[in-house]
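# Residue-level structural notes
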Amino acid sequence: MGAVSSFLKPLKEYIKYRLRWRYLWKEWFLGRHACLGYDVLKHFDNLPTEVNFQKGRVDLLLSYWGDRSLLPKSSLIARFMARKDVLPLIRQLEFFDCLPRRAPKFIFMDSFAELTDQLFFNKLDKWQFCCGYSDLAHSEVFSEQYECSGHMPSGRLKSAYTSLFDLFERRWGKVPIYFLHFPIALETRPIYIERYHAIALAIQEISKTRSNVFSVEVDGSKVHWPSDAPENIRSFPYHYEGKTYLMFKENIGRIL
């Protein structure tokens, strides 16, 4: 039974991504978000179908848009994954060139990819993917085949966001773009605090000149640890108590 399932999986993915996505006739929205986006969306009803690329760091998506040969090959990195749950998120990016033809209802993004994800590329064929550094098992074999170029440079954030939004507009027109910023109220590491401010500044400046781009933040003084979460989750500074997600919903509601 397992062999049959493995045989049918590529066919199912072909139908889902290459056919259903590309020729999607229903209303849909484009996602580029991690857990913050998911937890905020739970508070909205009757949403269109979502197509989400969680690990689509902005510079990575720009590269894919310009050169399909750079799309990742998840089957080749499966044995190097320390976190197996991240592999399907990388595999999604193999189908980035299958976006629906009709315009999305809106684009829903959060800051996690630019905040924390690092870029890796295959030394031989140059294809690329992004994930957290600790998502991978950094063995000698891995280092022979792949190289890490780290976080996206803060100085490139605004130009990269602008270029991606330009591509969206050329393809679909002025679709609303909601960009949620992960609160850093629980964060203590200077590198991520600095990156938060750089991302927030870039999006805020862009939103002043683009009427369809909305920068969505919440009051950090009201952000707290999730009281009912397991200890391993409570030590992670990017999961929050439920009220935080409701604040995001309210702020989006004010925009709407």
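Our structure is the block above this text.
Residues numbered from 1 in each chain as written. Predicted model: local features only at pLDDT ≥ 70, side-chain atom pairs only at ≥ 80, totals over all residues. Heavy atoms only, no water.

## Considering the pairing of strand 4 (residues 118-122)
Burial of strand 4 is extensive: five of the five residues sit out of reach of the surface. Alternating positions in strand 4 separate into two faces, Gln118, Phe120 and Asn122 on one and Leu119 and Phe121 on the other, with burial throughout. Judged from the four bridges that link them, strand 4 and strand 5 (residues 128-131) form a sheet pairing that is antiparallel. In the strand pairing of strand 5, leucine 119 is matched with cysteine 130. Where strand 4 folds back onto strand 5 in an antiparallel hairpin, the turn is made up of five residues, including lysine 126, whose phi is positive at roughly 75 degrees. In this structure, strand 4 lies alongside strand 6 (residues 146-150), joined through four bridges in antiparallel fashion. Note that in strand 6 the partner of asparagine 122 across the bridge is tyrosine 146. (Buried < 20%, exposed > 50% of the residue type's maximum accessible area, 1.4 Å probe, protein only. Helix = DSSP H or I, 4+ residues; strand = E, 2+ residues; numbered from the N terminus. Pairing = 2+ DSSP bridges.)

## What about the sheet that holds strand 4?
Ordered by their spatial adjacency, three strands build an open sheet running 5-4-6, and the pairing between neighbours is antiparallel. Taken across any chain shown, the strands that pair with only one partner, and hence form the sheet edges, are strand 5 and strand 6. Averaged over all pairs of adjacent strands, the angle between their axes in this sheet comes to 30 degrees, without regard to strand direction. Lying over the sheet, helix 3 (residues 58-66) contacts strand 4 and strand 5, oriented at roughly 160 degrees with respect to strand 5. (Axes fitted to C-alpha atoms, helices over the stretch in contact; angles between N-to-C directions. Contact = heavy atoms within 4.5 Å.)

## Remarks on the packing of aromatic side chains
One pass over the full model with this rule turns up 29 aromatic pairs. Plain terms: the ring middles of tyrosine 161 and phenylalanine 179 are 5.4 Å apart, the flat faces sit at 80 degrees to each other, and that makes the pair edge-to-face. Taken together, the residues tyrosine 161 in helix 8 (residues 157-172) and phenylalanine 179 in strand 7 (residues 177-180) connect sequence positions 18 residues apart. Judged by centre distance (5.8 Å) and plane angle (20 degrees), the rings of phenylalanine 168 and tryptophan 172 are stacked. With a gap of four residues between them, phenylalanine 168 and tryptophan 172 both fall in helix 8, about one helical turn apart. In this structure phenylalanine 168 comes out as buried when scored by relative accessible area, which is 4%. (Phe/Tyr/Trp six-rings, centres within 6.5 Å; stacked < 30°, edge-to-face > 60°.)

## Brief notes about the sheet that holds strand 2 (residues 49-52)
Working definition: the strands of a sheet are paired by backbone hydrogen bonds and lie parallel or antiparallel to each other. The strand order across the open sheet built from five strands is 2-1-3-7-8, with neighbouring strands paired in parallel fashion. At either end of the open sheet lies a strand with only one pairing partner, and these are strand 2 and strand 8 (213-216). For this sheet, the mean inter-axis angle between neighbouring strands, taken without regard to orientation, is 20 degrees. Looking at chain direction, strand 1 (residues 28-32) and strand 3 (residues 107-110) are connected through three bridges and run parallel. Residue pairing for strand 3: arginine 32 is matched across the bridge by methionine 109. Contacts between helix 9 (residues 190-209) and the sheet are confined to strand 7 and strand 8, with strand 8 contributing the most and set at about 145 degrees to the helix.

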